[in-house]
Amino acid sequence: MGKRSYFLRKVVNALLTIVLVASFNFVLFRVMPGNPARLLLPKGKVSIAALRQQEAAFHLNKPMWQQFVYYWADTARLRFGYSFAFKVPVTQIVAARIWPTIILCGLGTILATVVGMAEGVVAGWRRGKAFDTASTDVSMVMYAMPTFWQGLLAIMFFSVALGWFPVGRMYKPFTHFAMWGPFPLDSTTAVSLLYHITLPVLVFALGYYGEYHLIMRSSLTGVMKEDYVLTAHAKGLPGSGVLWRHVVPNALLPTVNLVMMNLGFIVSGAILIETVFNWPGLGLLSFESMDAHDYPVMQAVFLLGSAAVIIANLIADVMMYYIDPRVNA
């Protein structure tokens, strides 16, 4: 299979998957109990005429196949309707919540990847030593511990007991942070954001650190048993040369693939982390929307997160073509 055919097949598969996910998205939130039109009206007694008017405004009085056509027409134009809870367009809400999630999950992913992979390399290269035993035990504990439990423990110790970090917002009141555009030059705002984001980022990174450490260590110890590594040692290459020229590049393949797959979840947000720390991102928005039965927002977040995961997998497949000779062959 040529390179063009390989890439074309991957792109077509990704597009078909997004179409299937979007179609499932339409069905999923219409089989849930309750009348969405009723949520748009004030609480208490509502006239039948007002209810029918709301159903007509959102095409809920149409047959299911017509609703499906309206749904795809709006989705293709990135129009997801109005939020039942916030009474504003869904795109406006998602646009306001997406960048806090990207900042939080992006920084956490970078920290977890760098620390986890670096420790995995050292532990695998020095397997059986004290560092390998200690770091592997810590990684297994972090990997097995639920994320929300890590967050609660961090809040109890660092925020309540020690008072080092605040919880419940992104930055101090009365400070401004531009939603779009370059990072603010105002040092007060930047320091405030860094002060409030430190604890959520550390907890987020701990959730992925153990996974990256264990995968990298396992992959590295497996590569060290290959014949070409034994040949490199027999040729007289120093240990550092064997490690960085032969072992690490091949051991990186499964870890890079895992990191790229996890990158897709950055857009969907960390629901547990953002809910525990009350961080105003897409994860907290998902929780609030489910609690309020805000179907348009739930549909938009679900579709956005699914598309991000699919695109991240597509990027991982493209990267594997270039860094893994076996895929190219």
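We now examine the nonpolar core. Core analysis: the largest hydrophobic core is formed by 21 residues, its most contacted members being Leu 104, Phe 204, Tyr 212, Ile 273 and Phe 277. When contributions to this core are tallied by element, the ones reaching two or more residues are helix H5 (90–125), helix H7 (147–161), helix H8 (187–223) and helix H10 (239–263). A per-element tally of this core places H8 first, with nine residues. With near-sequence residues (within four places) excluded, Ile 273 lies in contact with Leu 104, Thr 147, Pro 200, Val 203 and Phe 204. Counting residues in each nonpolar core, the second largest holds 13 residues, with Val 121, Met 224, Val 242 and Leu 243 among its members.

Right, let's get into a nonpolar patch on the surface. Together, Phe 148, Trp 149, Leu 152, Leu 153, Met 156 and Leu 272 give the surface a local cluster of nonpolar side chains, amounting to about 570 Å² of exposed area. In terms of residue count, H7 provides more of the nonpolar patch than any other element does, five residues in total. Tracing the sequence through the fold places Leu 153 in helix H7.

Let us look at the packing of aromatic side chains. Applying the stated criterion to the full structure yields seven aromatic pairs. Centre to centre, the rings of Phe 157 and Phe 158 are 4.9 Å apart; their planes meet at 85°, and the pair counts as edge-to-face. Using a relative accessible area of 46% as the deciding quantity, one classes Phe 157 as partly exposed. Note on Phe 158: relative accessible area 27%, which makes it partly exposed. Aromatic pair Tyr 208 and Tyr 212: ring centres 6.1 Å apart, planes at 25°, arrangement stacked. Taken as a pair, Tyr 208 and Tyr 212 lie in helix H8 at a separation of four residues, close to a single helical turn. Looking at Tyr 212, the relative accessible area reads 0%, which means it is buried. Following the ring pairs from residue to residue traces out a cluster consisting of Phe 157, Phe 158, Trp 164, Phe 165 and Tyr 195.

Even without glycine at this site, Asn 278 takes up a positive phi of about 55°. Residue placement: Asn 278 occurs in the loop between helix H12 (271–276) and helix H13 (282–292).

Take the packing of helix H9 (residues 227–234) against H10 next. Remark: H9 packs on H10, axes separated minimally by 10 Å, with the N-to-C direction vectors making an angle of 175°. Viewed along their axes, H9 and H10 adopt a mutual orientation that is roughly antiparallel. Contact residues: H9 offers Tyr 228, Val 229, Ala 232 and His 233, while H10 offers Val 242, His 246, Val 247 and Asn 250. Taken together, the residues of the contact of H9 with H10 sort by class into five nonpolar, three polar and no charged.

Moving on to the confidence of the model for the protein. Chain-level statistics for the protein give a pLDDT mean of 78 and a share of 79% at 70 or above. Element-level mean pLDDT values for the protein span from 60 in helix H2 (residues 36–39) up to 88 in helix H6 (residues 130–144). Scored below 50 in pLDDT, residues 173–185 shows 18 contacts in the model against residues more than four places distant or in partner chains.

Attention now moves to the environment of Leu 206. Examined against the element boundaries, Leu 206 turns out to sit in helix H8. For the pair formed by Leu 206 and Gly 151, sequence separation is 55 residues and the distance between their alpha carbons is 9.9 Å. Leu 206 has contacts with Met 142 and Gln 150, leaving out every residue within four places of it along the chain.

The residue Glu 274 is located in helix H12 in this model. There is a polar contact of 2.9 Å between the side chain of Glu 274 and the backbone nitrogen of Leu 284.

With that settled, the discussion passes to the pattern of salt bridges. Should the charged atoms of two oppositely charged side chains come close, the side chains can pair. Inspection of every chain in the model, using the stated rule, returns three salt bridges. Measuring nitrogen to oxygen at the nearest pair gives 3.1 Å for the salt bridge that ties Glu 288 to Arg 97. Here the residue Glu 288 occupies a position in helix H13, and Arg 97 occupies one in helix H5, the gap between them amounting to 191 residues. In this structure, Arg 217 engages Asp 132 in a salt bridge whose closest nitrogen and oxygen atoms are separated by 2.6 Å. Of this pair, Arg 217 sits in helix H8 while Asp 132 sits in helix H6, placing them 85 residues apart in sequence.

Rules used throughout
- Residues numbered from 1 in each chain as written.
- Predicted model: local features only at pLDDT ≥ 70, side-chain atom pairs only at ≥ 80, totals over all residues.
- Heavy atoms only, no water.
- Core = buried A, V, L, I, M, F, W, Y, C linked by side-chain atoms within 4.5 Å.
- Buried < 20%, exposed > 50% of the residue type's maximum accessible area, 1.4 Å probe, protein only.
- Helix = DSSP H or I, 4+ residues; strand = E, 2+ residues; numbered from the N terminus.
- Contact = heavy atoms within 4.5 Å.
- Patch = residues over 30% accessible without salt bridge, like charges linked within 9 Å, V, L, I, M, F, W, Y side chains within 5 Å.
- Areas by Shrake-Rupley, 256 points an atom, 1.4 Å probe, with all protein chains shown as cover.
- Salt bridge = Lys/Arg side-chain N within 4 Å of Asp/Glu carboxyl O.
- Phe/Tyr/Trp six-rings, centres within 6.5 Å; stacked < 30°, edge-to-face > 60°.
- Axes fitted to C-alpha atoms, helices over the stretch in contact; angles between N-to-C directions.
- Parallel < 35°, antiparallel > 145°, perpendicular 65-115°, else oblique.
- Nonpolar A, V, L, I, M, F, W, Y, C, P; charged D, E, K, R; others polar.
- pLDDT = per-residue confidence, 0-100.
- Polar contact = N/O pair within 3.5 Å; in protein donor to acceptor, adjacent residues only side chain to side chain.

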